[in-house]
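Structure assessment
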Amino acid sequence: PKSLLLPTIIHQRISMASDQVEIRKSVTPGAISMLLSNSSPDSPSDIPEIIVQVVDLKPIGSSSTRFTFTVSDGKMKLKAMLPTHFSSEINSGKLQNLGLIRILDYTCNSIPNQPEKALIVTKCEIVCPSLDMEIKSDVKKEETGITLKPKQEALTKSDAKKEELGVTSKPKQEMVTKSAVQIVHEQHGNAAPAARLAMTRRVHPLASLNPYQGNWTIKVRLTNKGNLRSYRNARGEGHVFNVELTDEDGTQIQATMFNEAATKFYPKFELGKVYYISKGSLRVANKQFKTVQNDYEMTLNENSIVEEVQGETFVPETKYNFVRIDRLGAYVNGRELVDLIGIVQNVSSTLSIRRKSNNDTIPKRDITIADDSNKTVNVSFWNDLATDVGQQLLDMVDTSPVVAIKCLKVGDFQGVSLSTLSRSTVVINPDLPETKKLRSWYDSEGKGTSMASVGSNLVSPNSKTGSRSMYSDRVFLSQITDDPTLGQDKPAFFSINVYVSFIKPDQTMWYRACKTCNKKVTEAVGSGYWCESCQKNDDQCSLRYIMVVKVSDPSGEAWLSVFNEPAEKIIGCSADELDRVKTEEGDEKYQLKLKEATWVPHLFRVSVAYTEYMNDRRQRITVRAEAPVDCAAESRYLLEEIHKLSVS
């Protein structure tokens, strides 16, 4: 009768569902052996289903995008690295320690000077975010059927039960054990000549490359080519040049060639063409000199293979890393380039600027851009960008177009300013989600909002929201001087409330400057002063401060470098006036003027960076802006800080 069969059917289906849940929450038996036996699969389609557990998941150093972990199949373990684009899954908590992943593509590389290999996962998907404990393989688990691919030779009790219900498990692929010598021999035997790289060699995405990887081939477009430069150091003379390479995914990497390789490949590389490249080496990128967003940089030697792809091309996907205008302060005078998107507010006419190096004139145009941080910033376009794209923007400025600009240099002119480089690209009204968001904001509220320049926050004591206000990033002096890592990679910016405790009277307090450009001048032959920047001779010059002062706060003291504008506020007069006091009224009046400037409180916005002098690297603290202490504003700031402490 159906009434008697119903409980049995329900029980069987519950049992099947339970088995499926257990299967989904387990690993593939022998997964590590499968990975090692085929260390570099020709195609992802050749990879059987491999599920492993993530153990000891942790970031590499202080990186937030690179993670190392150990893969486990319950019996064996293997060191591994996850792809950088997978970091968002980890940071969001979708994958945690003891989670399960299905490996879709990978490479096993030998670790230098070590017998074991490392697994480089290039593509995977999450099976389970995290389990309660690490999976350990034992007899009991095999008997209960918690397996994904049981061997054909022996069916477990769970498999026998499934067969009765008409459910079959996918058999595990037969594996042939090979020695390391056999594997290496087969890999060399399968290697293809350079002329057939596209058909016979697997192309690796740039995101999958790392220093421990052996043979690889990449397919990239040359997106920037530097000049062939000569250098001279203690080891001798030579040539060097750099290129920037971009693959179809938009990932970029910088490649460097020296001497014979530079001479060999400089005429071969042409901007915009697509190449297959192999037999290069990778190392961790020097953050001080890198120009693209990649943790590694590539070196090509004279034995590297570079082959142009004939009759085939691709347009790399442009990847942006936009920085909001109110966050630009942290990048001022640093080597790191930024990407910007915003609404065009104003476009100037084209100016002609004289170049210092060869006295040539180059076109320049200034663009004012705003974003939804209610701040504006000035962007200087140079050369063709000034004449071509700049003219387009001038013609359509009344429509307030959106522009996306890649690779901008951040300077400190007027607090914060941006400038294009030879590799910069500008897209008008790009098809991006950020464009729609900015357009919606501007049409609804931004058009009628009064916006201030991001540089104005540099000196505003009442602005508590600006990233560079005198009341943001407030620290004590000891927090700067006791941390030798500050400013090593890029300048760090802070606000301090200090007293000027001492000004050395016998130091060089000023320099002679051009009245037009404020650059240093020299005495001309005969009479007057010669300005190398303006290429002209003037009868007069002005004096501008360049000095050091000692400051103190409750935590300690430090020496600060101070330039003209902040120095005038500290001393209370211009450098020309102080020079007049010293020459006309005597040294006693001069020193009295300096003493009057001490033990006066100041709010300083400072940058912390490292400079090198006589092979000695030292931390340098520079005053970027000064403001007098507003007692009412300072009291409000302290009350807010006390409130934060009481809440926490």
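Given the structure is predicted, the values throughout are model-derived calculations rather than measurements.

What follows deals with the overall build of the protein chain. Helices and strands together make up the secondary structure of the protein chain, namely 15 helices and 29 strands. Across the 648 residues of the protein chain, 42% fall into the buried class. Across the protein chain, the fraction of contacts at a sequence separation of at least 24, relative to all contacts at a separation of at least 6, is 63%. As displayed, the protein chain offers around 35300 Å² of accessible surface, 50% of which is attributable to carbon and sulfur atoms.

What follows deals with the nonpolar core. In terms of nonpolar packing, the biggest core is built from 34 residues, with Y545, I571 and F604 touching the most fellow members. Ranked by residue count, the leading element in this core is strand 21 (residues 492-503), at six residues.

Turning to the environment of A524, a few remarks are in order. Mapped onto the fold, A524 is located in the loop between strand 23 (521-523) and strand 24 (529-531). Separated by 15 residues in sequence, A524 and D539 have C-alpha atoms that sit 9.4 Å apart. Excluding its chain neighbours within four sequence positions, the residues that come into contact with A524 are Y529, W530 and N537.

This structure, assessed with the given rule, holds 20 salt bridges. The closest approach of N and O atoms between K77 and E134, which form a salt bridge, is 2.9 Å. Here E134 lies in the loop between strand 5 (117-128) and helix 4 (139-144) and K77 lies in strand 3 (residues 77-81), a separation of 57 residues in the sequence. Put simply, R283 and E297 hold a salt bridge, and the shortest N to O gap is 2.8 Å. One end of the pair, R283, is in strand 11 (residues 281-284); the other, E297, is in strand 12 (residues 296-300), with 14 residues separating them in the sequence. Judged by its relative accessible area of 48%, R283 falls in the partly exposed class. Sharing partners across several salt bridges, the network here consists of E577, R580, E584 and E585.

Let us look at the sheet that holds strand 24. The three strands lie next to each other as 23-24-25, forming an open sheet whose pairing is antiparallel. Here the strands that pair on one side only, and so sit at the sheet edges, are strand 23 and strand 25 (536-538). Direction aside, neighbouring strands of the sheet carry axes that sit 35 degrees apart on average. Looking at chain direction, strand 24 and strand 25 are connected through three bridges and run antiparallel. What sits directly across from W530, in strand 25, is N537.

Once that is clear, we can look at unusual backbone geometry. A positive phi angle, near 70 degrees, is found at C407, a position not held by glycine. With respect to the helices and strands, the residue C407 is situated in strand 18 (residues 402-411). In this structure, N429 takes a positive phi of about 50 degrees despite not being glycine. Residue placement: N429 occurs in the loop between strand 19 (417-428) and helix 10 (433-444).

For the protein chain, per-residue confidence averages 80 on the pLDDT scale, and 81% of positions sit at 70 or higher. In the model, residues 15-24 has pLDDT below 50 throughout and makes 11 contacts with residues more than four positions away in sequence or in other chains. Every residue in residues 138-181 is under pLDDT 50, and counting partners more than four places away or in other chains gives 55 contacts.

Now for helix 13 (residues 575-585). Turning to helix 13, its buried residues number three or more, namely A575, L578 and V581. Each buried residue of helix 13 sits inside an arc of 120 degrees when the element is viewed along its axis, so together they form one side. Facing away from the buried side of helix 13 by more than 90 degrees, the exposed set consists of T583 and E584. Residues of helix 13 that are buried make contact with strand 22 (510-513), strand 26 (542-553), helix 12 (564-571) and helix 14 (587-596). Where helix 13 ends, the next residue or the one after it, G586, has phi of about 100 degrees, a positive value.

What follows is about the side chain of H602. As for its placement among the helices and strands, H602 is situated in strand 28 (residues 601-613). Reaching out from H602, the side chain makes a polar contact with the side chain of E626 at a distance of 2.8 Å. Ignoring sequence-local partners within four residues, the contact set of H602 consists of I496, N497, V498, V500, K569, I570, E626, A627 and V629.

Our focus in this paragraph is the environment of E557. In this structure, E557 sits in strand 27 (residues 556-563). Residue classification places E557 among the partly exposed residues on the basis of a relative accessible area of 48%. Considering only alpha carbons, one finds E557 and F476, 81 residues apart in sequence, at a separation of 9.5 Å. The contacts of E557, once residues within four sequence positions are left out, are L477, T481, K550, V551 and S552.

This brings us to the sheet that holds strand 5. If you trace the five strands once around the closed barrel, you get 1-2-3-5-4, paired in mixed fashion. Going from strand to strand, the sheet's axes swing by 45 degrees on average, the running direction of each strand aside.

Cut-offs used in this document
- Residues numbered from 1 in each chain as written.
- Predicted model: local features only at pLDDT ≥ 70, side-chain atom pairs only at ≥ 80, totals over all residues.
- Heavy atoms only, no water.
- Helix = DSSP H or I, 4+ residues; strand = E, 2+ residues; numbered from the N terminus.
- Buried < 20%, exposed > 50% of the residue type's maximum accessible area, 1.4 Å probe, protein only.
- Contact = heavy atoms within 4.5 Å.
- Areas by Shrake-Rupley, 256 points an atom, 1.4 Å probe, with all protein chains shown as cover.
- Core = buried A, V, L, I, M, F, W, Y, C linked by side-chain atoms within 4.5 Å.
- Salt bridge = Lys/Arg side-chain N within 4 Å of Asp/Glu carboxyl O.
- Pairing = 2+ DSSP bridges.
- Axes fitted to C-alpha atoms, helices over the stretch in contact; angles between N-to-C directions.
- pLDDT = per-residue confidence, 0-100.
- Arc of directions from axis to C-beta.
- Polar contact = N/O pair within 3.5 Å; in protein donor to acceptor, adjacent residues only side chain to side chain.

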